[in-house]
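# What the coordinates show
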Amino acid sequence: MEVLLTPEEMSEADQRTIRGGTPGIELMDEAGRAVADTCARMMDHVAQVLVLAGPGNNGGDGFVAARILKKRGYPVRLLLLGEASRLKGDAATARDDAANAGVPIERLNLAKLPERLKEARLVVDALFGAGLDRPLEGDAAQVVHLVNERRAKTIAVDLPSGVSGGSGAVLGEAIRATRTVTFFRRKPGHLLFPGRELCGGVSVADIGISADVLEEIRPRTFVNDRELWRPHWNPPTVTGHKYDRGHALIVSGPAVRTGAARLAAVAALRAGAGLSTVAASPSAASVHAAHLTAVMLKAYKDEEQFAAILADRRLNSVVIGPAAGVGEETRRRVAMCLDGERAVVLDADALTSFAEEPEALFASIRNKTSGGVVMTPHDGEFARLFPDIAAQASMSKPDRAREAARLSGAVIVLKGADTVIASADGRAAITENASPWLATAGSGDVLAGIVCAMMAQGLPVFEAACAGVWIHGQAAKKAGPGLISEDLLPVLKDVIAELAEDRA
Ligand SMILES: NC(=O)C1=CN([C@@H]2O[C@H](COP(=O)(O)OP(=O)(O)OC[C@H]3O[C@@H](n4cnc5c(N)ncnc54)[C@H](OP(=O)(O)O)[C@@H]3O)[C@@H](O)[C@H]2O)[C@@H](O)CC1
Ligand SMILES: [K+]
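Model, not experiment: these values are computed from the prediction.

Conventions used here
Residues numbered from 1 in each chain as written. Chains lettered and ligands numbered in written order. Predicted model: local features only at pLDDT ≥ 70, side-chain atom pairs only at ≥ 80, totals over all residues. Helix = DSSP H or I, 4+ residues; strand = E, 2+ residues; numbered from the N terminus. Buried ≥ 20, exposed ≤ 12 C-beta atoms within 10 Å, placed from the backbone. Contact = placed C-beta atoms within 7 Å. Near = placed C-beta within 6 Å. Nonpolar A, V, L, I, M, F, W, Y, C, P; charged D, E, K, R; others polar. Pairing = 2+ DSSP bridges. Axes fitted to C-alpha atoms, helices over the stretch in contact; angles between N-to-C directions. Core = buried A, V, L, I, M, F, W, Y, C linked by C-beta atoms within 7 Å. Domains from an automatic or database assignment. UniProt positions renumbered as here; feature names shortened; annotations may be inferred. Parallel < 35°, antiparallel > 145°, perpendicular 65-115°, else oblique. Left-handed = near helix turned anticlockwise from the far one by under 90°.

## Quick word on the overall build of the protein
- Tallying secondary structure elements over the protein gives 22 helices and 18 strands in all.
- Its C-alpha atoms put the protein at 85 × 50 × 45 Å along the principal axes.
- Each of the 504 residues in the protein was classed as buried or not, and the buried ones make up 52%.
- Expressed as a percentage of contacts within the protein between residues at least 6 apart in sequence, the contacts between residues at least 24 apart total 73%.

## Notes on the site of ligand 1
- Around ligand 1 sit 28 residues in total, of which Gly 56, Asn 57, Asn 58, Gly 129 and Gly 131 are the nearest.
- Classifying every residue of the shell around ligand 1 by side-chain character gives 13 nonpolar, 9 polar and 6 charged.

## Considering the sheet that holds strand β13 (residues 317-320)
- Spatially, the 11 strands line up as an open sheet ordered β1-β9-β18-β17-β16-β15-β14-β13-β10-β11-β12, and their pairing is mixed. Looking at strand neighbours, the two that pair on one side only are β1 (3-4) and β12 (296-299), the edges of this open sheet.
- One ladder, built from 2 bridges, connects β1 with strand β9 (residues 221-223); its direction is antiparallel. The partner of Leu 4 across the bridge, within β9, is Thr 221.
- Sheet strands in contact with helix α14 (residues 328-338) are β10 (247-251), β13, β14 (343-346) and β15 (373-375), and its direction is about 165° off that of β13.

## Notes on the nonpolar core
- Judged by nonpolar contacts, the single largest core of 164 residues is most densely connected at Leu 52, Val 124, Ala 264, Ala 268 and Cys 452.
- Considering every element that reaches this core, the biggest residue donor is helix α21 (residues 461-479), with 12 residues.
- Among the domains, domain 1 (3-218) and domain 2 (226-234 + 243-503) are the pair contributing at least three residues each to this core.
- Not counting residues up to four positions away in its chain, the partners in contact with Leu 52 are Gly 62, Leu 79, Leu 81, Leu 108, Val 123, Val 124, Asp 125, Ala 126, Leu 127 and Val 143.

## A look at the sheet that holds strand β4 (residues 105-107)
- Read across the open sheet, the 7 strands follow the order β4-β3-β2-β5-β6-β7-β8; overall the sheet is parallel. Here the strands that pair on one side only, and so sit at the sheet edges, are β4 and β8 (201-205). In this sheet, neighbouring strand axes are inclined to one another by 20° on average, regardless of whether the strands run parallel or antiparallel.
- In this sheet, strand β5 (residues 122-126) lies alongside strand β2 (residues 49-53) in parallel orientation, the contact comprising 5 bridges. Paired with Val 51 across the two strands is Val 124, which belongs to β5.
- Contacting β2, β5, β6 (154-157), β7 (179-183) and β8, helix α2 (residues 24-42) runs over the sheet at an angle of about 155° to β7.
- Helix α3 (residues 57-71) rests against β2, β3 (76-80), β5 and β6 of the sheet, and its axis sits at about 160° to β2.

## Focus: the UniProt feature "binding site: K(+)" (unreviewed entry) in the protein
- As annotated by UniProt and renumbered to match this structure, "binding site: K(+)" (unreviewed entry) occupies Asn 58, Asp 125 and Ser 161. These annotated residues cover 104 residues of sequence, but their C-alpha atoms sit close together, with the largest distance between any two at 9.5 Å.
- Turning to its location among the elements, Asn 58 is positioned in helix α3.
- Dropping the residues within four chain positions of it, Asn 58 is found in contact with Ala 126, Leu 127, Phe 128, Gly 129, Gly 131, Val 157 and Asp 158.
- Its place among the elements puts Asp 125 in strand β5.

## Describing the packing of α2 against α3
- At a minimum axis distance of 7 Å, the contact between α2 and α3 shows a crossing angle of 55°. Put simply, α2 runs oblique to α3. In this structure, α2 meets α3 at a crossing whose hand is right-handed. Residues Met 28, Asp 29, Ala 31, Gly 32, Arg 33, Val 35, Ala 36 and Cys 39 of α2 pack against Asn 57, Gly 60, Asp 61, Val 64, Ala 65, Ile 68 and Leu 69 of α3.
- Classifying every residue of the contact of α2 with α3 gives 9 nonpolar, 3 polar and 3 charged.

Shown next as structure tokens:
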């Protein structure tokens, strides 16, 4: 399980280490050394390095890197943004050490910068890191613009300057780096877009901070990797019964919109639910009947018959929403699904149907005494249900999802290239295995089915949602470029097989 540290948490890790007896300058030396090592690895011969240093400790790391590279025989030049007198503490020490080692230090001059950039084979961006707290403007923004325009090979120290470590947002203008070297642990901004794209490859350097500090800091943001949820997943046992793996129920849309439910139902079965059943109106059921094999089908004429289907407690996990239609009928069916012990995935039209009265939905979720609820909105659906949260542009995606989870009581899967899963207890996971090919019709229906299957199998709700999103991403990788949603279904078998093998 990989934890991610917000800039505040990272600062706490630094401070705890310093209070524990490691001087800050030692941490800075290690950070600068890691940057210098990366520079050396990125150049096949000794050539000019240009270090751009800012006014804080990120700049301090730049001074150390310049000093070490100079000692190793690299021609180095350092340009300082702002006045040298502003440097304080460890950064001032690092500046003195670099000057004493003979590093040429100049005040950064915008007019001369293009020339300096032209001379350099590699640029080190040590302008701003974790301390960035407002948009870059004026000279700082201009520097970033000129570096990007030059398209020079650039190593970012900690973060590409201008990228927020907490949210991945670009504040004003941001460096487009070839590689980013960060320290101790990655930050959310390395995984969240647009930051992720601007980092290039990210490496994490050990700078002498002990993992023990994490016990006190208790980070609540994680990478959605396998380790996060795998301990909760088990392959079938030799003596197991299909009912041990749960029974997924997928509520279908009307006769002309049945495909979404089938995608979800087959995905649920492939993702390991012991059984999967589609519930449909008689006209929709006759369409399904021509297509379904292992997935079962139950027709219902009216609400009473729908309630009778739900009364079977073996149907322990339900998906409602894909192509369900927006309106009162869907609202009533959602309320019926939520009224019981089963786990519920609310997707698509089940979310949009409550755009006018989200509180009613949240109340039904909060009233649920057992069985988890997962909502899987994309940005548009999210804004319909949580307009106040969506309007807070400076909030990070994990924080938006956390707030929505607290407000609604559901686990939120906020979809996108960097899908975030958050729970009301404050945990949030960021996904990094998504494929751009997942942005295709029906992909969300497949995801809803997989998450439903994970809950049917008894995973706790947050872990089930994380597992579902991860498995969806792996399936897309296996299906490869050009995939359509149907292609995700057969390859789920391979993803599950690998999971099973991994635990053997
Ligand atoms: N001991 C440690 O803690 C270790 C820390 N380490 C390193 O330190 C980095 C964090 O250092 P940091 O906290 O000094 O912040 P940093 O990113 O240098 O920026 C702050 C400066 O920028 C300024 N500023 C901010 N926004 C601005 C804007 N938009 N436009 C213009 N100015 C702006 C702000 O100025 P002010 O707000 O005072 O005007 C302040 O002067 C971290 O990323 C890592 O690289 C490692 O060495 C390991 C040990
Ligand atoms: K930087």
